[in-house]
Amino acid sequence: MTTLSDHLHQVRERIAAACARHGRDPAGVRLLAVSKTFPPEAVREVHAAGQAAFGENYVQEGIAKIDALADLRADLEWHCIGPLQSNKTRAVAAQFDWVHSLDRVKIAERLSEQRPAHLPPLQVCLQVNVDGGDNKSGVAAQDALALARAVAQLPRLRLRGLMAIPEPAIDFVAQYALFMRVRAVFDEIRADGIALDTLSLGMSADLEAAIAAGSTMVRVGTSIFGGRPAAQA
Ligand SMILES: *Cc1c(COP(=O)(O)O)cnc(C)c1O
């Protein structure tokens, strides 16, 4: 029987191996443990094994977990990585430390207005859609710079970088090419003078290709917590 702690260490080894292969310092790649669909006790176990940053897709579920783990709140960093509707922004602004899925200026303005004064600015990434799929979340690559300029002006948000969830590709080379499209947008925004430091790319199946492309934060669910029911995957 392997434990969640074993899984966490295996993922850390994969990150270290990918960094070694691509000449990167492992300290430059953070691990976000994606705990969606798993109970608070599983988060507690992974935290006890040394993990502090956790990602949730569904706002309601995330907040229930944050509440259930209130005793650990000061030790944990909660990242909202799922689609955001305007009726959920107040709760997200009050409860989470990061949002990775920002793709509209209206949502950004609400989050900035609603971020409670006693908390530090909400750390945000823009979600970029590099597949061009119509009904997928994310700002189109050609509109990302304009959105970044607008978000960078908002007083209670701190723009950190970009996030993307490209469709699974057939192999490493194809996945790397998709991640490099996000990297190009990242470089374009930095060249404009906006100081991004976070490239949130890579999941259980493709974190090696993401690290090759310059990811600074991999979001890993399955390889740590195990498989999810298909309906919620
Ligand atoms: C579920 C999810 C992940 C984790 O995916 P795994 O394949 O389970 O590692 C990462 N990012 C986002 C946005 C997700 O929704």
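Our structure's up above, just so we're on the same page.
What you are looking at is a predicted structure, and each value in this text was computed from that prediction instead of being measured.

Procedures and definitions
- All residue numbers here refer to positions counted from 1 along the written sequence of the relevant chain.
- Totals for whole chains, interfaces and linings use every residue, but because this is a predicted model, local features are given only for residues with pLDDT of at least 70 and side-chain atom pairs only at 80 or more, for both listing and counting.
- The basis for every side-chain value is the complete set of non-hydrogen atoms in the structure, without hydrogens or water.
- In these notes, a set of buried Ala, Val, Leu, Ile, Met, Phe, Trp, Tyr and Cys residues joined through side-chain atoms within 4.5 Å is what counts as a nonpolar core.
- Throughout this description, buried means an accessible area under 20% of the type-specific maximum (1.4 Å probe, protein chains only), exposed means over 50%, and partly exposed covers the range between.
- Comment: elements are numbered from the N terminus, with helices defined as DSSP H or I runs of at least four residues and strands as E runs of at least two.
- Whether two residues are in contact is decided by their heavy atoms: any pair within 4.5 Å suffices.
- Residue proximity to a molecule or strand is established when one non-hydrogen atom of the residue lies within 4 Å of it.
- The term polar contact refers here to a pair of N or O atoms within 3.5 Å; inside protein, the definition further demands a hydrogen-donor-capable atom paired with an acceptor-capable atom, and it admits residues adjacent in sequence only when both atoms are side-chain atoms.
- All accessibility values rest on the Shrake-Rupley procedure with a 1.4 Å probe; residue burial counts only the protein chains present in the view.
- Amino acids outside the nonpolar list (Ala, Val, Leu, Ile, Met, Phe, Trp, Tyr, Cys, Pro) and the charged list (Asp, Glu, Lys, Arg) are all regarded as polar, and Gly is one of them.
- Think of a salt bridge as a Lys or Arg side-chain nitrogen and an Asp or Glu carboxyl oxygen that are within 4 Å of each other.
- Two strands make a pair as long as DSSP finds a minimum of two bridges between them.
- Here is how to tell: hold the view so the strands point away, follow the path from the first strand over the helix to the second, and if it runs clockwise the crossover is right-handed.

Before we go on, may I ask you to explain the nonpolar core in this structure?
Soluble globular proteins tend to bury their nonpolar side chains together. Judged by nonpolar contacts, the single largest core of 65 residues is most densely connected at Leu111 and Leu162. It is helix H1 (residues 4–21) that provides the largest number of residues to this core, a total of six residues. Setting aside its immediate chain neighbours within four residues, Leu111 contacts Leu84, Thr89, Val92, Ala93, Val99, Leu102, Leu122 and Leu157.

Please explain the site of the ligand as it appears in this structure.
Taken together, Val34, Lys36, Asn57, Ile81, Ile165, Met203, Ser204, Arg219, Val220, Gly221, Thr222 and Arg228 make up all the residues around the ligand. At 2.8 Å, a side-chain N or O of Asn57 approaches an oxygen atom of the ligand. Measuring from an oxygen atom of the ligand, one finds a backbone N or O atom of Gly221 at 2.8 Å. In isolation the ligand exposes 390 Å². Once the protein is present, 91% of that is buried. Its residues assigned to classes, the shell around the ligand shows five nonpolar, four polar and three charged.

Help me understand the pattern of salt bridges, please; the structure alone is not making it clear to me.
Where charged atoms from two side chains of opposite charge come close, those side chains can pair. Evaluation of the coordinates by the stated rule reveals ten salt bridges. Note that Glu56 is salt-bridged to Lys65, the shortest N-O span being 2.8 Å. Across the pair, Lys65 and Glu56 agree in class, each one buried. The partner of Glu61 in a salt bridge is Lys65, with the nearest N and O atoms 2.7 Å apart. Taken together, the residues span about one helical turn, with Glu61 and Lys65 both in helix H3 (residues 59–68) at a distance of four residues. Overlapping salt bridges bring together Glu56, Glu61 and Lys65 as one network.

How do you make sense of the pairing of strand S3 (residues 77–80) when you look at a structure like this?
For a regular strand, side chains alternate in direction, first toward one face of the sheet and then toward the other. Where strand S2 (residues 53–56) lies against S3, four bridges are found, and the strand directions are parallel. Counterpart to Glu56 in the pairing with S3 is Cys80. One crossover worth recording links S2 to the parallel S3 by way of H3, and it is right-handed. As a crossover connection, the stretch from S3 through helix H4 (residues 89–95) into strand S4 (residues 98–102) is right-handed.

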